[in-house]
Amino acid sequence: MRQVAASVPDMTDSSGPQRGLGKPLVVLDDVNKHFGDLHVLKDINLTVHEGEVVVVIGPSGSGKSTLCRTINRLENFESGSITIDGTKLPEEGKALAQLRADVGMVFQSFNLFSHKTILENVTLGPVKARGKKPAEAKKRAMELLERVGVAHQAEKYPAQLSGGQQQRVAIARSLAMEPRVMLFDEPTSALDPEMINEVLDVMTSLAHSGMTMIVVTHEMGFARKAADRVVFMSDGAIVEENTPEEFFTNPQSARAKDFLGKILTH
């Protein structure tokens, strides 16, 4: 079984995903959501186990990002339930803030504080939300910035870094909170092509280390290399889920076959 550390796991191991997984950590049960008349999530049932890497793919508008954002209530939903480690997702207040500290999120846009240095961006959350002493938070932040390859940029401001570097800082910032699970919502879609791999390499190392991850992405190479399971969505529903090998070589549904036929021939 994958060993899941209590703190942020070491990202140096690159042995690849292992199939032995832990207990259910994120459970969605019959989740439905509408934007007005548009039914964007339709009876979503999904269980993500501790130490599992689930990659969510599908055409634009299929509900992938909305699914990701409901898991920490950045989007509300009308019916069904979401639990994190057996606890129902709080609706508001301190309990929701606590849950969001346990669920790291990395977006398309880096969302770094432009007026704070890279180091300050990474230490702010642990000091304010986790109550860590500044010296301890700084030491941990530097370890994480080293791990994602930008420690030498610690005293710079976000605007002085490339997009790829900023996204790696955003990953370090989430890891500094010692989350139970990491959500990635198309983290490379805003990047120039030459910067994409540097971010995917960090994510792959993180996946191999035992971090529980739910990743919405268009990067099929990452899905093949890092995922334990691929979830394919279309029109707000989960149409198919399987191992990367099975999904990419032997898709079961007509919609998945059509999607793969369009993207894998280019």
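This is a predicted model, so every value here is computed, not measured. (Residues numbered from 1 in each chain as written. Predicted model: local features only at pLDDT ≥ 70, side-chain atom pairs only at ≥ 80, totals over all residues. Heavy atoms only, no water.)

**As for the packing of aromatic side chains**
Here comes step 1: In the structure shown here, the tally under the stated rule is three aromatic pairs.
Here comes step 2: Plain terms: the ring middles of F247 and F248 are 5.3 Å apart, the flat faces sit at 80 degrees to each other, and that makes the pair edge-to-face.
Here comes step 3: Exposure remark for F247: the relative accessible area of 0% places this residue in the buried category.
Here comes step 4: Among the aromatic residues, those joined into a cluster by ring pairs are F232, F247, F248 and F259. (Phe/Tyr/Trp six-rings, centres within 6.5 Å; stacked < 30°, edge-to-face > 60°. Buried < 20%, exposed > 50% of the residue type's maximum accessible area, 1.4 Å probe, protein only.)

**Quick look at the UniProt feature "domain: ABC transporter" (unreviewed entry) in the protein**
Here comes step 1: Mapped onto this numbering, the UniProt entry gives "domain: ABC transporter" (unreviewed entry) at residues 26-260.
Here comes step 2: Structurally, residues 26-260 is divided into 40% helix and 26% strand, and its ends, taken at the C-alpha atoms, are 27 Å apart. (UniProt positions renumbered as here; feature names shortened; annotations may be inferred. Helix = DSSP H or I, 4+ residues; strand = E, 2+ residues; numbered from the N terminus.)

**So, the environment of G125**
Here comes step 1: Inspection of the secondary structure puts G125 in helix α3 (residues 118-128).
Here comes step 2: In the structure, G125 is positioned 51 residues away from A176 in sequence and 7.6 Å away in space, judged by C-alpha atoms.
Here comes step 3: G125 has contacts with R130 and M177, leaving out every residue within four places of it along the chain. (Contact = heavy atoms within 4.5 Å.)

**Section: helix α5 (residues 163-176)**
Here comes step 1: Between its first and last C-alpha, α5 extends 20 Å over 14 residues, near the 20 Å set by a 1.5 Å rise per residue.
Here comes step 2: Trailing α5 by a residue or two, E178 shows a phi angle of about 55 degrees, which is positive. (Expected span 1.5 Å × (residues − 1).)

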